Amino acid sequence: MEEQRYPTRLMLLTALLQGLALLLLHQSIDFAFWPATAPQWLFAAYALVIIGPGMYLLGVNESNKVRLVTYIVPFAGLCALLAFYTGGQAIPSSPSRLDTLLAPMTFTLALLTFKALMYVQVKTAAEPFVYPQLFHYSWRNLLTLGLALAFTLVTWGVLMLWAALFSVINIDFFDELFEQKWFYYPTLNLALALGVVLIRRLSIIVDTIKQLQQALLKYLLVLLMFVSLIFLLALPFTGLSPLWEEGPGSYLILWMQACLLFALNSVYQGDASERPYSPFVHRFIYLGILLLPVYSGLVFYGLSLRVEQYGWSVSRYWGMIVWMFLALFSVGYVTCIVRYRDDWIGGLGRINVAMGWLLVLVMILVNSPFADLRRLTADNQLARIESGQTKLQNIDIPYFANQLALPGYLAIEQLKQTYGESHPTLALRLSRAYQEDAQEPEQDKLLVVNSIECLNDCDMPPDLADVIYDSLTKSNYLLRQAEQLYLLAVDPDGDNQTDYLLMLETDYLVDATLYMRRNSNWYPIDIEDLGPTGKDKTMTLREHLQTLEVKYREPQYRIMQIGDFHFNVTLKEQLKSSPEQGQ
């Protein structure tokens, strides 16, 4: 009988042990003991605990419960090694910044596991390694996991309802119990395993859902082909410029290609005798496929423009990787159409199997030191800085700090050593890449003061330096963005006493502060900059300061006094930009 095909008790025991292991890992994070204190070991442990038992639950049956382990153990070990390397890329001074490492690793290892599971299932079942069989297992695994997760969420919802009902009558025992980690980790894991067992026993339902989605995609494929054709026909009239000016043009085309190929492979499953459409629609479909390399060419052109302008980034590397796969699929399908015409479906399976192995290889490489995209990005950006393609004031320090993990940290340290002494403002920005507050105040104060350029040979009083430092370091946001810091002696109130204007210039604004001495003390006064900002900022502040001539204008509106009340006129935003006020 179908119910006897799966070792239910063994599957539930596996899920229980997995839940307890996940609980232990969570506790290590909460109470800061190993492996949570070492990100590389924590990542490796999570990969091992999630991938190994997860593959076993989805792939085990009565006939392969021992043999399956011989394939899963080495694969889970490989994933743990890849996760160990990724965890080792955490920033030494800030190991808690793991989100930029965790998200791409989770996605790539999930994709790698998804491919490996179907290969192992075919191997342990001694079935032919052909695309229709792989397609069958891929959809069955995906739907089984999706439905089991939905069952787990429903189970959790029922538990929450249970707790809420008893809380209404002032019995909080269940509410407190269900919120305990030691309860919900093993419980929800058992619910997930039970869902997998039930759904795998009712495989006919999964196959029915698969057939339903194929029927829906059969019509969506025609619509997608029609949209792609009319979009291509519209390009000669609009030109390519609007496509790149909007920013995500290349990525939208990649999404369209991905949707087309996904729908195509869901409808055509490599069976040369299969004809889901009439001959006319069938030829319309492969006419659209013949044009897919054109889209690949457009995407390559768009991504190349961005790389030439700004260099490589992690997202551009991923864009190129996705482009490579979609382009190879497209060229392979076009080759089959040219060679076999209406019988091109027979070659689809061979291409997909080969591309599957290439995907496995790429997912392994990007999580290893051989093709670490963060390291490649940091090396490329450093090379552009050294060659002068990227100006020092345009270095995106937050990107190095927040997106590139350890390679970004090492790149910032290299920039400090190379440019720290010759470019004090850059050194100031680099020193605030990670820390919110300075760890060594005296050294940090010296760094801030040395980064200020005194104009007209002004002499900064020592007590003013202390006030400026305290004022600037209240918030490090502007210091992280600072391109230049200028100090200029001024006398805006005409009292013949020297005041100082500090101007902090970023890429998009100039922040000005006036320092005035009153009763032997310096007081910072924030003043409003009415100059050009953002896209209207066509000249740098340094270009405006070439003459170093400060002009003083009388205010347009005098202060109004009624008794002890004083009223100062402040122009509203719409009045500042009006031509009449400008005159």
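These figures come from a predicted structure and were not determined experimentally.

S.K.: Help me understand the pattern of salt bridges in this model?
M.R.: Oppositely charged side chains can pair when the atoms bearing their charge come close. Counted according to the given criterion, the structure contains ten salt bridges. For Asp493, the salt bridge identified is with Arg518, shortest N-O distance 2.9 Å. Here the residue Asp493 occupies a position in the loop between strand E2 (484-490) and strand E3 (499-505), and Arg518 occupies one in strand E4 (residues 510-518), the gap between them amounting to 25 residues. Judged by its relative accessible area of 31%, Arg518 is partly exposed. Note that Arg518 and Asp495 form a salt bridge whose closest N and O atoms lie 3.9 Å from each other. Of this pair, Arg518 sits in strand E4 while Asp495 sits in the loop between E2 and E3, and the two are 23 residues apart along the sequence. One connected set of salt bridges, linked through shared partners, spans Asp493, Asp495 and Arg518.

S.K.: Just to check I follow, could you spell out the nonpolar core for this structure?
M.R.: Burial of nonpolar side chains together is a common tendency in soluble globular proteins. Ranked by internal contacts, the top residues of the largest apolar core, which has 111 residues, are Leu109, Leu221, Leu264, Tyr268, Ile289 and Trp344. The greatest single-element share of this core, amounting to eleven residues, is contributed by helix H13 (residues 314-340). Leave out the neighbours within four places in its chain, and Leu264 touches Leu221, Ile285, Ile289, Tyr333 and Trp344. Grouped together as the second largest cluster of nonpolar side chains are 19 residues, Leu428, Leu464, Tyr469 and Leu479 included.

S.K.: How do you make sense of the side chain of Gln213 when you look at a structure like this?
M.R.: Its location among the elements puts Gln213 in helix H8 (residues 203-238). Given the relative accessible area of 12%, Gln213 is considered buried. Ignoring sequence-local partners within four residues, the contact set of Gln213 consists of Trp139 and Ser266.

S.K.: How should the packing of helix H4 (residues 99-124) against helix H5 (residues 131-168) be read in this particular structure?
M.R.: In helix packing, the relevant descriptors are the interaxial angle and the interaxial distance, both defined with respect to the helix axes. Direction vectors running N to C along H4 and H5 enclose 120°, while the axes themselves pass 9 Å from each other. Here H5 runs oblique to H4, going by the angle between their axes. Like other packed secondary-structure pairs, H4 and H5 cross with a definite hand, here right-handed. Contacts between H4 and H5 involve Phe114, Leu117, Met118, Tyr119, Gln121 and Val122 on the former and, on the latter, Gln133, Leu134, Tyr137, Ser138, Asn141 and Leu142. Split by residue class, the contact of H4 with H5 holds eight nonpolar, four polar and no charged.

S.K.: Would you mind showing me how to read the environment of Met516 here?
M.R.: You can see Met516 is positioned in strand E4. Classification of Met516 by relative accessible area gives buried; the value is 12%. Note: C-alpha distance between Met516 and Leu464 (52 residues apart in sequence) is 9.5 Å. Filtering out sequence-adjacent residues up to four positions away, Met516 remains in contact with Asp493, Asp499, Asn521, Trp522, Tyr523 and Ile525.

S.K.: Whenever I open this one, unusual backbone geometry confuses me. Can you help?
M.R.: Negative phi is the rule for most residues except glycine; trans is the rule for most peptide bonds. For the bond from Trp34 to Pro35, the omega torsion is 15°, close enough to zero to count as cis. Inspection of the secondary structure puts Pro35 in the loop between helix H1 (8-30) and helix H2 (39-59). The backbone of Ala126 shows a phi angle near 55°, a positive value even though the residue is not glycine. A relative accessible area of 69% means that Ala126 is categorised as exposed. Even without being glycine, Ser520 reaches a positive phi, approximately 70°.

S.K.: Honestly, a nonpolar patch on the surface in this entry has me stumped. Any pointers?
M.R.: Together, Leu220, Leu223, Phe226, Val227 and Ile230 line one region of the surface with nonpolar side chains, adding up to about 430 Å² of accessible area. Tracing the chain through its elements places Leu223 in helix H8. Under the relative-accessibility criterion, Leu223 is labelled partly exposed at 47%.

S.K.: I would appreciate a short explanation of the state of the cysteines in the present structure.
M.R.: A complete count under the given rule lists zero disulfides for this structure. This cysteine, Cys454, is not joined by any disulfide, and Cys458 carries the nearest cysteine sulfur, 3.5 Å off. The partly exposed category is assigned to Cys454, whose relative accessible area is 26%.

S.K.: Would you mind going over the confidence of the model for the chain with me for this structure?
M.R.: If pLDDT is low for a region, its predicted coordinates should not be looked at in detail. Confidence along the chain averages 86 in pLDDT terms, with 91% of residues attaining 70 or more. Confidence over residues 572-583 falls short of pLDDT 50; this stretch has seven contacts with residues more than four positions distant or in other chains.

S.K.: Honestly, the pairing of E3 in this entry has me stumped. Any pointers?
M.R.: If a strand is regular, its side chains alternate between the two faces of the sheet. Most of E3 sits inside the fold, with seven of its seven residues counted as buried. What you see with E3 is no split at all: Asp499, Leu501, Met503 and Glu505 on one side and Tyr500, Leu502 and Leu504 on the other are buried throughout. When E2 meets E3, the two strands line up antiparallel, connected through seven bridges. Considered in E3, the bridge of Val490 is made with Asp499. Two elements, E3 and E4, share six bridges in a ladder whose sense is antiparallel. Along E4, the bridge assignment pairs Leu504 with Asp511. Taken together, E3 and the strand that follows it, E4, pair antiparallel across an intervening segment of four residues.

Analysis parameters
- Residues numbered from 1 in each chain as written.
- Predicted model: local features only at pLDDT ≥ 70, side-chain atom pairs only at ≥ 80, totals over all residues.
- Heavy atoms only, no water.
- Salt bridge = Lys/Arg side-chain N within 4 Å of Asp/Glu carboxyl O.
- Helix = DSSP H or I, 4+ residues; strand = E, 2+ residues; numbered from the N terminus.
- Buried < 20%, exposed > 50% of the residue type's maximum accessible area, 1.4 Å probe, protein only.
- Core = buried A, V, L, I, M, F, W, Y, C linked by side-chain atoms within 4.5 Å.
- Contact = heavy atoms within 4.5 Å.
- Axes fitted to C-alpha atoms, helices over the stretch in contact; angles between N-to-C directions.
- Parallel < 35°, antiparallel > 145°, perpendicular 65-115°, else oblique.
- Left-handed = near helix turned anticlockwise from the far one by under 90°.
- Nonpolar A, V, L, I, M, F, W, Y, C, P; charged D, E, K, R; others polar.
- Patch = residues over 30% accessible without salt bridge, like charges linked within 9 Å, V, L, I, M, F, W, Y side chains within 5 Å.
- Areas by Shrake-Rupley, 256 points an atom, 1.4 Å probe, with all protein chains shown as cover.
- Disulfide = S-S within 2.5 Å.
- pLDDT = per-residue confidence, 0-100.
- Pairing = 2+ DSSP bridges.

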